[in-house]
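Architecture at a glance
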Amino acid sequence: MSRVCEICGKGQIVGNHVTTRGRAKYLKGVGTKVTGISRRLFQPNLQNVRITTENGTSKTVRVCTQCIRSGAITKRIHSKPFKMVEKVEK
């Protein structure tokens, strides 16, 4: 299962993890120094969501939270478990 949004295609990106040591100057120190830089991955915030497709069926997709919040998808329509029969007065 890939870590890619099925709506917008957002995936993981590569960045740096910067390790520092020392005391900050505003805390009466001599300043912080970079002691190491290593590569890391930034993962998208993907959620499994059941959506309703155009033909009315439900489907589970992996979608990023930005697509959910922006309204790019329509969540599954929940049907009521039962309906009360209305009495018809004569």
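See the structure above.
Attention in this report is confined to the structure presented alongside it. This one's a predicted model, so the numbers in the text were calculated from it and none came from an experiment.

1. Considering the nonpolar core
The biggest cluster of nonpolar side chains holds nine residues, and these are Cys-5, Leu-46, Val-49, Ile-51, Val-61, Val-63, Cys-64, Cys-67 and Ile-73. Mapped by element, the contributors of at least two residues to this core are strand S3 (46-52) and strand S4 (58-64). If we ignore the near neighbours within four places in the chain, the residues touching Val-63 are Cys-5, Ile-7, Asn-45, Leu-46, Gln-47, Ile-68 and Ile-73.

2. Some words on the state of the cysteines
Enumeration over the complete set of coordinates arrives at zero disulfides. In this model Cys-67 remains outside any disulfide bridge; the closest cysteine sulfur is found in Cys-64, 3.5 Å from its own. A relative accessible area of 7% means that Cys-67 is categorised as buried.

3. Observations concerning the side chain of Thr-52
In this structure, Thr-52 sits in strand S3. Residue classification places Thr-52 among the buried residues on the basis of a relative accessible area of 19%. Beyond its immediate chain neighbours, meaning those up to four positions away, Thr-52 contacts Thr-57, Thr-74, Lys-75, Arg-76 and Ile-77.

4. Focus on unusual backbone geometry
Even without a glycine there, the phi angle at Lys-28 is positive, about 70°. Along the polypeptide, Lys-28 turns up in the loop between strand S1 (13-21) and strand S2 (33-42).

5. Let's talk about the environment of Val-4
Within the secondary structure, Val-4 sits in the segment before S1. Looking at Val-4, the relative accessible area reads 34%, which means it is partly exposed. Each C-alpha atom, one on Val-4 and one on Thr-35, is 33 Å from the other, the two residues being 31 residues apart in sequence. If near-sequence neighbours (up to four positions away) are discounted, Val-4 is found in contact with Gly-9, Lys-10, Gly-11, Leu-46 and Arg-62.

6. A word on the environment of Ile-13
Among the secondary structure elements, Ile-13 is positioned in strand S1. Residues Ile-13 and Phe-42, 29 residues apart in the sequence, show an inter-C-alpha distance of 5.3 Å. Excluding residues within four positions of it along the chain, Ile-13 makes contact with Arg-40, Leu-41 and Phe-42.

Each value, and the rule that gives it
- Residue indices follow the written sequence of each chain, beginning from 1 at its first position.
- Given that the model is predicted, a residue must reach a pLDDT of at least 70 before its local features are reported, and side-chain atom pairs must reach 80 or more before they are shown or counted; all residues, however, enter totals for whole chains, interfaces and linings.
- For side-chain calculations, the full set of non-hydrogen atoms in the structure is used, while hydrogens and water are omitted.
- The criterion is simple. A nonpolar core is a set of buried Ala, Val, Leu, Ile, Met, Phe, Trp, Tyr and Cys residues joined through side-chain atoms within 4.5 Å.
- Under the scheme applied here, a residue whose accessible area is under 20% of the maximum for its type counts as buried, over 50% as exposed, and between as partly exposed, the area being computed with a 1.4 Å probe on protein chains only.
- Counting from the N terminus, the helices are the DSSP runs of H or I reaching at least four residues and the strands are the DSSP runs of E reaching at least two.
- Here a residue-residue contact requires only that any non-hydrogen atoms of the pair lie within 4.5 Å.
- Disulfides are defined as pairs of cysteine sulfur atoms found within 2.5 Å of each other.

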